[in-house]
Amino acid sequence: MNWTKVMWGLLDIKLFPLMYFILLYSHFTSTVSSPLYSSFCRLQGQFHLNGMHKAGDVVLGGLFEIHFFSVFPDLSFTSEPQQPTCYGFDIPGFRAAMTMTFAIDEINRNTNLLPNVTLGYSLYDNCYKLRIGFRAAMSLVSGQEQQFTLDETCVGTPPVIGIVGDSSSTSSIAISSVIGSYRVPMVSYFATCSCLSDRQKFPSFFRTIPSDAFQVRAVIQILNHYDWTWAGLLVSDDDYGLHAARSFQSDFVQSGGGCLAYVEILPWGNDPAEIRRIVDVMKKSTARVVIGFAHESHMINLMEEVLRQNVTGLQWIASEAWTAAALFQTPHLIPYLAGTLGIAIRQGEIPGLREFLLRIRPDLHNNSYRNSIVKLFWEYTFQCRFAPPPAGWVETKVVLCTGQEDLEDVENEFLDTSNLRPEYNVYKAVYALAYALDDMLHCEPGRGPFSGNSCATLQTLEPWQLVYYLQKVNFSTTFGDQVSFDENGDALPIYDIMNWLWLPSGRTKLQNVGEVKRSAFKGEELTINEEKIFWNSESKKPPRSVCSESCPPGTRMARKKGEPVCCFDCIPCSEGKINNETDSMECTSCPEDFWSSPQRDHCVPKKTEFLSYDEPLGICLTSTSLLGTCMCVVVLGIFICHRSTPIVRANNSELTFQLLLSLKLCFLCSLLFIGRPRLWTCQLRHAAFGISFVLCVSCILVKTMVVLAVFKASKPGGGASLKWFGVLQQRGTVIVLTSVQAAICTAWIVSASPTPHKNTQYHNGKIVYECAVGSTVGFAVLLGYIGSLASLSFLIAFISRNLPDSFNEAKLITFSMLIFCAVWVAFVPAYISSPGKYADAVEVFAILASSFGLLLALFGPKCYIILLRPERNTKKAIMGRGTRKS
C-alpha cells in the first residue's frame, strides 16, 4: 500500500476548507482595486489558538507541541472565536518555545547581528494535531490582524518572514507543501522524514535536525559495528515511521548483508489485540535486537505489553523520537529497557537560557488567548488558576495564581538545561533565519543576486528572496557546531549515541557513549566508547543477533529458500576448492598442482605418487628383481664352472649363455619402472624391456628350432637340415630378430617418445607421475612382436615335446613358454585396469614373473643334475636313456 498517497488523500479531505481559505485570501489581496481598500487588506476570518506574540520590525513564526491532546470543534470560518481545547501540558515542548523567544531576545541584544532591526515572534501551540498545526501555520502566513496597511500595489512585509517548526514530519509535509508554493521559508527543528528532502515538492523547507535517511544509516552503522545482522523493526503509522521502514528494508541489506526479521506498524491509540500480536511476533522471533522507530506515544503501549508478558533478553535500539523520553525511564520498565542504545539529537549548550527561563512571568494585563501559553504553563506548574472558577464548579478549593510564584521552588524538568537537544535545534533554526536576513540586509545596491543586480529590502521583501539567502547561510554556534544547509535544505548531520545505564540505586541515567556524523571531507564516521556502555545481560557483553552464524573459512553460504538473505546454511567446500574468508558465497578452485586442505581453507601441494624405491611395494619388487639377477649370475657361474659337462654342452652352450644374459637384462630392466619417472627412464624402460625379452625369446626360439633340426637329422636323409642351423646361423638369427625389435623401439621413440606425465585423473588430491606411452600403436607393436616370437617358440616346442630324452630340452621350453604366455596374456587386462603406479607394478610383476618362469623352467632341472645328481651329468647317461626309449 502507498501510505503517502493515503495520507495525502486524507489531507485533501480534511484540509479542503483551509485550502479554500488560502485561495480566497490570495484572490482578495491580489485584486483589490477599490479606493476603500487601496491602502490596506482585510482578513476574511480568524483561527483562535493558544499563542505568544511580540511585535518587531520583522516577525518570525513558530509552531510547537505544548499540549499532547485536544478536543477539536467543527472546522469553520467565523468571526467568533473557535479555540480548540488542548490538555496534557508538555514541559519540553514549552521549553523549546521559550528557547525561540530567548534566541530572538539574544539576537536583539547583539549589536553585530541585525543591527537596527528588532525581531519579533509569533508562536502557536499545535496541540500535537495536524489540523491545529495547519491552522496555526495559515494564521502565521496570513496574519491575525483584522486589517494591515500596504502600499498602493498591495505589497509589503509579510506577517512572518519564516516559520520555525513544525516538530512533526506529517505536519511539516502538509504545511510546507502549501506555504512552499509561496516560497515561505520553514525551518523545522524536529521533522526528520527523508521525504522532506525533495526540493521539487518542498522548495522552501529547511531543517536543523538530520533527516531519517541519515538516522537510518546511523542505526545501520551501529548494527554493523556489533555484527547484528538479524533485527526486528517497529515503526509508527505515520510518515516518520513508514519512510524509515522503506529505507531500512533497502539499505540494511546493501550496507552489510543484514536483514529484518519482521517489520511491524504500531497502531495509533490503544489497540490491545494488535499490540499483543506484535509482542507475540517479537517473542517467537530469533532476533535479539529490536529497533523502535516511532514516537513515544506509540511505544508506551507496546512497552506496557512487553512488561505484562515479561519479554526479556532484547537489545533495544531507540530512534531520536523516544531515546531521551523520561516516560520510559521508570522502575517497572527499566529491567526491560536497560542497556538500550539510542540515536539522540545533538546535545548543545545555550549559555544564559536557564536564567532567561527563571525570568518568565505571565502577563496579568492581557487575558487574550493570543498570549495564553505562559499562563497555561503557570497554571500547570503551580496547580493554580488565574480566573475564578465559573458558577457551578464542583471543586471546593481553588488556588488562584498571583504570577509571582518562584519557579525554583518547583521540581520539574523545565529548568534542566543540562541536556538540550530539540531546544538546541530550535536555537540554531532561529539563528539561521537571522543570519540569512542579516546577509540580505548587507547586500550592496547594484551588486545584488536578483534581477538587475538588485537587492531585497524589508519594505519589498518577498519570501523566496529570504530562501535564497537561507540556502547559503553558514555560521558556527557558541557551542562550536557549524550550521549550513545542503542543496536539499538538510543541515550537516550529527547524532549522539546514548545508552540507558541502570544504576545500582535502581534509577536510570542516560549517558553519551559516542556519536555518528557526516563531514564534508571524511564522510560518515561512527565513534563509540565501548567501556562506557552498559549491557543488560549476565555476560555484560553485546548480545548476538544473527539469523545464521557466520560461515567459517572452508565453507560457503547457501541461502535458505524463501527466507531473508541473512538466513543461510554453511556448506563445506567440495574437494579441490577452498575459501579462506568468512561468509563467502563461493569457493575457489585450487591451482592444478594444488589441492584443498582438510579444513578447505587453503591450498596445499598435491601429494605425488609413483612407484618409489622407499615404499614397501617398490622395495619388494626391487628386491625380487635383484634376486632374479643374482640367480642368473649364480646359474651363469655354475654353467661356466661346468661348461665341459655334457648337460651344459648339449644344444649349443653359446645360446645358453646368451639366454642367461638376456634373462639377467630382463630382471634388471624392471628397475627402470621404479622411481620418479624422467624422460630418459621413460624412453629407456620400454625399449630395454622389449629388446631384452626379444633377445631372450629369440634364444629360446633358436634353441627350439635346433632341437627340432637335430631330431630330423637323426633320421635317414635328414642331415642336410643341420646346415641351416650352424653356430653362425643361430647367432645371426638371434641378432636379426633382436634388431627388428630395436628398430621398432627406435621408430617409436623418434615418432612419439614416451614422456613423464602428471596424471590427476586417477586421484583428485594426488599427482600420479607416470610415463605416457606416447604412441599406443608403438607399445602394441612392441608387445605384439614379443608375443608372436613367444607363440612361435611355444608352438615349435609343443611340436617337439615328444622327442626322445636325448632332446628333452623341448619339454622344458614348452613349459617355460606356457608360463611366459600365460603371464603376458593376464598382463594386458591387469595393466589396463590398474591406475597410476599400480600399472607400473603390474608390468614389473609380469616382467619378473615371466623371467623367473623362464629361469626356473629352463635352468632349474639342469642345475639340479649338475649340483645334486652329478652321476646323471654324463654323455652315457643322457644317451643311454635315449637308446632305451628308442
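Every value quoted in this text rests on a predicted model; they were computed, and no experiment measured them.

K.L.:
What is the right way to read the state of the cysteines from this model?
P.N.:
Here a disulfide denotes a covalent bond joining the sulfur atom of one cysteine to the sulfur atom of another. Tallied over the entire structure, the rule returns 10 disulfides. What pairs with Cys443 in a disulfide is Cys455, and their sulfur atoms sit 1.8 Å apart. Sign of the S-S torsion, about -60° for the bond between Cys443 and Cys455, identifies this disulfide as left-handed. Note that Cys443 is positioned in the loop between α13 (422-441) and α14 (463-471) and Cys455 in the loop between α13 and α14, a separation of 12 residues in sequence. Cys443 sits in the buried class, given a relative accessible area of 15%. Two residues share a disulfide in this structure: Cys573 and Cys587, whose sulfurs sit 2.0 Å from each other. One quick way to see it: the torsion about the S-S bond of Cys573 and Cys587 is about -75°, and its sign makes the bridge left-handed. Here Cys587 lies in the loop between β23 (577-578) and β24 (588-589) and Cys573 lies in the loop between β22 (568-572) and β23, a separation of 14 residues in the sequence.

K.L.:
Would you mind going over the sheet that holds strand β15 (residues 341-345) with me for this structure?
P.N.:
Note on sheets: strands pair through backbone hydrogen bonds, and any given pair is parallel or antiparallel. Strands sit in the order β12-β11-β13-β14-β15-β18-β19-β20 across an open sheet of 8 strands; the sheet is mixed. Of all the strands in the sheet, just β12 (259-266) and β20 (523-528) have a single pairing partner and so form its edges. Strand-to-strand twist of the sheet, defined as the mean angle between neighbouring strand axes without regard to direction, takes the value 25°. Two strands pair when backbone bridges link them, and strand β19 (residues 508-519) and β20 are joined in this way by 6 bridges, in the antiparallel orientation. Residue Ser519 lies in a different strand from β20, and its bridge partner there is Gly523. Set on the sheet, helix α6 (residues 212-225) makes contact with β13 (289-293), β14 (315-318), β15, β18 (494-502), β19 and β20; between it and β20 the angle comes to about 50°.

K.L.:
What am I meant to see in the packing of helix α20 (residues 776-799) against helix α21 (residues 809-833) here?
P.N.:
Each packed pair of helices is defined by two parameters, the angle between the axes and the distance between the axes. Put simply, α20 and α21 touch, their axes get as near as 8 Å, and they point 150° apart. Taken together, α20 and α21 sit at an angle that is classed as roughly antiparallel. In terms of crossing hand, the pair formed by α20 and α21 is left-handed. The residues of α21 that touch α20, namely those facing Phe779, Leu783, Ile786, Ala790, Ser793, Phe794, Ala797 and Phe798, are Ala810, Ile813, Thr814, Met817, Leu818, Phe820, Cys821, Phe827 and Tyr831. Tallied by class, residues from the contact of α20 with α21 come to 15 nonpolar, 2 polar and no charged.

K.L.:
Help me out: how do you make sense of unusual backbone geometry in this one?
P.N.:
Most peptide bonds take the trans form, and the phi angle of most residues other than glycine is negative. Cis geometry is found at the peptide bond from Gly165 to Asp166, where omega equals -5°. Within the secondary structure, Asp166 is located in the loop between β8 (162-164) and α5 (169-179). Unlike most non-glycine residues, Tyr128 shows phi in positive territory, near 60°. Take Tyr128: it is sitting in the loop between β6 (119-125) and α4 (130-142).

K.L.:
Is there a simple way to think about the packing of aromatic side chains in this case?
P.N.:
Two aromatic rings are characterised by how far apart their centres lie and by the angle between their planes. For the coordinates displayed, the defined rule picks out 41 aromatic pairs. Residues Trp378 and Phe382 carry aromatic rings whose centres are separated by 4.9 Å and whose planes lie at 45° to one another, so their mutual orientation is tilted. Of this pair, Trp378 and Phe382 both sit in helix α12 (residues 373-382), 4 residues apart, which is roughly one turn of that helix. Ring pairing ties together the aromatic residues Phe689, Phe693, Trp748, Phe779, Phe820, Trp824, Phe827 and Tyr831, which thus form one cluster.

K.L.:
Sorry if this is basic, but what is going on with the environment of Thr508 here?
P.N.:
Residue placement: Thr508 occurs in strand β19. The class for Thr508 is buried, based on a relative accessible area of 19%. Leaving out residues up to four positions away in the same chain, Thr508 has contacts with Gln329, Ile334, Trp500 and Leu501.

K.L.:
Would you explain the pairing of β19 in this entry?
P.N.:
For a regular strand, side-chain orientation follows a simple rule: the groups alternate between the two sheet faces. In this sheet, β19 lies alongside β18 in antiparallel orientation, the contact comprising 9 bridges. Its bridge partner lying in β19, Ile494 is registered against Lys517.

K.L.:
I'm lost on the sheet that holds strand β28 (residues 755-759) in this one. Help?
P.N.:
As summarised here, the arrangement of the 3 strands in space is β27-β29-β28, forming an open sheet in which the pairing is mixed. Edge strands, defined here as strands with exactly one partner in the open sheet, are β27 (607-609) and β28. Here the average twist between neighbouring strands, direction ignored, is 30°. Bridging between β28 and strand β29 (residues 766-772) involves 5 bridges; their strand directions are antiparallel. From the neighbouring strand, Pro756 faces β29, where its bridge partner is Cys771.

K.L.:
Would you mind going over the nonpolar core with me for this structure?
P.N.:
Across soluble globular proteins, nonpolar side chains have a tendency to be buried as a group. Phe64 and Phe414 are the most contacted members of the largest nonpolar core, which totals 104 residues. Excluding its chain neighbours within four sequence positions, the residues that come into contact with Phe414 are Ile91, Phe94, Arg95, Met98, Leu357, Ile360, Phe377 and Leu407. Ile638, Phe673, Cys745 and Leu854 belong to the second largest nonpolar core, which has 68 residues in total.

Rules behind the numbers
- Residues numbered from 1 in each chain as written.
- Predicted model: local features only at pLDDT ≥ 70, side-chain atom pairs only at ≥ 80, totals over all residues.
- Heavy atoms only, no water.
- Disulfide = S-S within 2.5 Å.
- Helix = DSSP H or I, 4+ residues; strand = E, 2+ residues; numbered from the N terminus.
- Buried < 20%, exposed > 50% of the residue type's maximum accessible area, 1.4 Å probe, protein only.
- Pairing = 2+ DSSP bridges.
- Axes fitted to C-alpha atoms, helices over the stretch in contact; angles between N-to-C directions.
- Contact = heavy atoms within 4.5 Å.
- Parallel < 35°, antiparallel > 145°, perpendicular 65-115°, else oblique.
- Left-handed = near helix turned anticlockwise from the far one by under 90°.
- Nonpolar A, V, L, I, M, F, W, Y, C, P; charged D, E, K, R; others polar.
- Phe/Tyr/Trp six-rings, centres within 6.5 Å; stacked < 30°, edge-to-face > 60°.
- Core = buried A, V, L, I, M, F, W, Y, C linked by side-chain atoms within 4.5 Å.

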